[in-house]
Structures are given as C-alpha cells and as structure tokens.
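What the coordinates show
As a plain string of letters, each chain reads:
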Amino acid sequence: AVVSTQSTGVGKSTVTAQIAHGLADGGHSVGVLDVDVCGPSLSRIMGVNGETVHKSSSGWSPVYTVDDIAVMSIDFLLSSEEDAVIWRGAKKNGMIKEFLCSVDWGDLDYLIIDTPPGTSDEHLAIVSLFKKSKIDGAVLVTTPQEVALSDVRKEINFCRKLRIPMIGIVENMASYTCPKCNTVSQIFPATSGGGIALAEAENLPLLCSLPLDPLVGRSGDNGLSILSEAPQAGVSEGYLILVEKIIEFCKPK
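Model, not experiment: these values are computed from the prediction.

**Section: helix α7 (residues 214-221)**
Those residues of α7 not exposed but buried are Val216, Ser219 and Gly220. Looking straight down α7, one finds that the buried residues subtend no more than 95° of arc, so they occupy a single side. When the buried face of α7 is taken as reference, the exposed residues oriented beyond 90 degrees from it are Arg218 and Asp221. For α7, the secondary structure elements touched by its buried residues are α1 (12-25), α2 (42-45), α8 (226-229) and α9 (234-250). One side-chain oxygen of the residue at the start of α7 lies 2.9 Å from the amide nitrogen of leucine 215, identifying that residue as aspartate 213. A positive phi of about 70° marks glycine 223, the residue just after α7.

So this is what it looks like as structure tokens:
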C-alpha cells in the first residue's frame, strides 16, 4: 500500500507508522519504505533513527524495529540526521530503485510506502517500478480544512490518471477532546465539509476520522506505537479500524 497526500503537515508519516504497527500486531510480516528522500522522518517515528544499514551478497539489509518491522530510509545512509539531501530527480529515482530492488526485504505480507507531499518524481518512480507487480492501493491522508482537501483532490486525480487503486481517505486531526472538561473542539475547522464531504464527492470510502491527540506526537518523538502505549485511546481505536479496512481491501479478489 502507498500512503500519500498532496499536502505537507497532515500526519502522513505518523499514519504510515501506525498502519505498520497495527499490521505487525496482527501477526503480519511488514516492511516500511520511506521514499521522502529530501525529508525523511520515518526512522525516528519507528524508533530506529541513528541506525545504519549493511550490504551483503543478498543486498541491503533493512533495519528492524522492536516489533520486527523492516524499515528502509535514506536516513540510514546519512552521516548525520541534520544532513540535507539536495538531489535532482534522476538521483532520487535511482535511490528509490535501489530501495525496492536491492533491499533484502524477505517474505513480506505488506510493504507500506511513505511518499512525500505532491505528485512528483518519487511518486512516478514508484508507479513505474511497480508496473508488473502492481500497487494494491493508496491511502490518502488529509486534515479537515479546505487548504488540505484541495491538495488531496489533486492526489486523487493523480491516482485516477495513473490507474492506482485508492483504498480510501483518512481524515487526520479531525477533532480534539479536552482531557479536563471533555469539550470537543475542531482545531482545523471543516469549512467545506472535511474528509466526509470529500469522500462523498469523490465516491471514495472514508476509512476513519482520527482525533488530534498529544499522545500521538509524544509516541512518535519517542519512536513508540500509540497502539501499544495507549490501546484504549480513541485514536488507537481509529487506527485499528483503518488497519482492518486495509487488510480487507488487500485480500485477493
């Protein structure tokens, strides 16, 4: 599955990580590939930042998390987390090909690909490299406000033009519940109807609406799974619903 969005700052990498943890918790063999070459963040969110990869006769060895998720990112090849990657399209495409073709992923049930914002070189490289084996589907992540929704409409158009199946839309940071008074607030107001209206207009499933929960940010900074850290939280329940819908969509037809 490809986790994608046109916008930045909607929590796409966090959603990718929690999908991977949810699948792994269900006993599935999972790999996560970060193809955001110029802005990689998954290594920290997955708790494996600072690790390095090694090359053997079978290819690059991915880094494994504590719950046995295979992770590959440009982060592992940099001398410092602060290093900037300043590459043109051809070099990016070459690295993505290396990640897909030269990494010893083993026998995976799911490979989750975290893409950068937009519809640029990285997206086209993924589509090209998966021509034969096909992409099972894309998960499109948005927040409720119109500025994010308008960008996701472009991503939907991109998927349709390139015939990429869309699993559905995730509305992230949909609401915030005050822990003291239980008042529910919309931090990002859905002025044009939010993810629900977008899903209806585009005839796509709304996979889940995830609340804004500070625990998610803290878990990501510490490289932990919110599903393990706060299994009873509303956001964890939302992620479990999302994972089940992805599993159902990806079943052999």
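**What to know about the nonpolar core**
Counting residues in each nonpolar core, the largest one holds 74 residues, and the members touching the most others are Leu33, Met46, Met72 and Leu242. The greatest single-element share of this core, amounting to seven residues, is contributed by α9. With residues near it in sequence (within four places) discarded, methionine 46 still touches Ala17, Ala20, His21, Val32, Thr65, Ile69, Val71 and Gly223.

**Remarks on the pairing of strand β8 (residues 138-142)**
Counting buried residues along β8, five of its five residues qualify, which places the element largely inside the surrounding structure. With burial as the criterion, each face of β8 is covered, one bearing Ala138, Leu140 and Thr142 and the other bearing Val139 and Val141. When β8 meets strand β9 (residues 166-171), the two strands line up parallel, connected through five bridges. Along β9, the bridge assignment pairs valine 139 with glycine 168.

**Some thoughts on the environment of alanine 84**
Mapping alanine 84 onto the fold places it in the loop between β6 (70-72) and α3 (89-101). C-alpha of alanine 84 to C-alpha of valine 37: the two residues are 47 residues apart in sequence and 9.7 Å apart in space.

**Thoughts on the state of the cysteines**
Between two cysteines, a covalent bond joining their sulfur atoms is known as a disulfide. Inspection of every chain in the model, using the stated rule, returns zero disulfides. Unpaired in this structure, cysteine 38 has its nearest cysteine sulfur neighbour in cysteine 101, at a distance of 20 Å. A disulfide-free cysteine, cysteine 181 has its sulfur positioned 3.6 Å from the sulfur of cysteine 178, the nearest such atom.

Each value, and the rule that gives it
For every chain, the first residue of the written sequence is number 1, and numbering continues from 1 along that sequence. pLDDT decides what is reported in this predicted model: residues at 70 or higher carry local features, side-chain atom pairs at 80 or more are listed and counted, and totals for whole chains, interfaces and linings draw on all residues regardless. Values shown for side chains rest on all heavy atoms present in the structure; no hydrogens or waters enter the calculation. Here the term buried applies to any residue with accessible area under 20% of the maximum for its type, exposed to any over 50%, and partly exposed to those in between, with areas from a 1.4 Å probe on protein chains only. To qualify as a helix, a DSSP run of H or I must reach at least 4 residues; to qualify as a strand, a run of E must reach at least 2; elements of each kind are numbered from the N terminus. This arc describes the spread of directions from the helix axis toward the C-beta atoms. Two residues qualify as a contact provided that any one of their heavy atoms is within 4.5 Å of a heavy atom in the partner residue. Here a polar contact is taken to be a pair of N or O atoms separated by no more than 3.5 Å, where protein atoms must pair a possible hydrogen donor with a possible acceptor and residues adjacent in sequence count only if both atoms sit in side chains. Here, nonpolar core means buried Ala, Val, Leu, Ile, Met, Phe, Trp, Tyr and Cys residues that are tied together by side-chain atoms lying within 4.5 Å of each other. One bridge is not enough; two strands pair if DSSP finds at least two bridges between them. Any two cysteine sulfur atoms within 2.5 Å of one another count as a disulfide.

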